[in-house]
Amino acid sequence: MYSTKCPHCHQLINLKTEEVREAVKQTEAARQKHYEMHCPKCRKPIKIQLQQLKRKLPIEPAPETSTSEESSTS
Ligand SMILES: [Zn+2]
């Protein structure tokens, strides 16, 4: 959960972890340094630093490319 305030109208904005994850994905895909969203209240653009968002994400374990140990004995 990431929460911030709109710099324009001070509306409190909460982003769920899922939304933060999506925001980071979009931002990285666009090679931007900040995520841009619109305030639900005043509709003005709000910029959130990518680093700030990333800090809110749970650390995911590195994807293991393990050799298939699943013994498929059929
Ligand atoms: Zn606002």
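Worth saying up front: this structure is predicted, and the values here are computed from it rather than measured.

Conventions we followed
Residues numbered from 1 in each chain as written. Predicted model: local features only at pLDDT ≥ 70, side-chain atom pairs only at ≥ 80, totals over all residues. Heavy atoms only, no water. Helix = DSSP H or I, 4+ residues; strand = E, 2+ residues; numbered from the N terminus. Buried < 20%, exposed > 50% of the residue type's maximum accessible area, 1.4 Å probe, protein only. Pairing = 2+ DSSP bridges. Donors = N, O, S within 2.8 Å, 3.2 Å for Na, K, Ca; no water. Tetrahedral: all angles 85-135°; square planar, octahedral: opposite > 155°, others 65-115°.

Caption draft 1: Quick peek at unusual backbone geometry. Positive phi is not limited to glycine here, since histidine 10 has a value of about 65 degrees. With respect to the secondary-structure elements, histidine 10 resides in the loop between strand E1 (2-5) and strand E2 (12-15). At arginine 43, a residue that is not glycine, the phi angle is positive and equals roughly 65 degrees. One can find arginine 43 in the loop between strand E3 (34-38) and strand E4 (45-49).

Caption draft 2: Up close: the pairing of E1. Residue alternation in E1 divides its side chains into a buried set, Tyr2 and Thr4, and an unburied set, Ser3 and Lys5. Both E1 and E2 contribute to a ladder of four bridges, which runs antiparallel. Looking at the pairing, serine 3 lines up with asparagine 14 of E2. As consecutive antiparallel partners, E1 and E2 are separated by six residues, and within that stretch histidine 10 has a phi angle of approximately 65 degrees, a positive value.

Caption draft 3: The arrangement of the environment of glutamine 52 in detail. The topology assignment puts glutamine 52 in helix H2 (residues 50-56). The class for glutamine 52 is partly exposed, based on a relative accessible area of 35%. With 13 residues separating them in the primary sequence, glutamine 52 and cysteine 39 have C-alpha atoms 17 Å apart.

Caption draft 4: Structural context of the coordination of the zinc ion. Of the protein atoms, only Cys6 (SG), Cys9 (SG), Cys39 (SG) and Cys42 (SG) coordinate the zinc ion, at distances of 2.3 Å. One can describe the donor arrangement at the zinc ion as tetrahedral, given that its four donor atoms subtend angles of 106 to 116 degrees at the metal. Taken in chain order, the donor set of the zinc ion reads C-x2-C-x29-C-x2-C. With cysteine 6 in the loop between E1 and E2 and cysteine 42 in the loop between E3 and E4, this residue pair connects regions lying 36 residues apart in the sequence. On the basis of relative accessible area, cysteine 6 is assigned to the buried category, the value being 1%.

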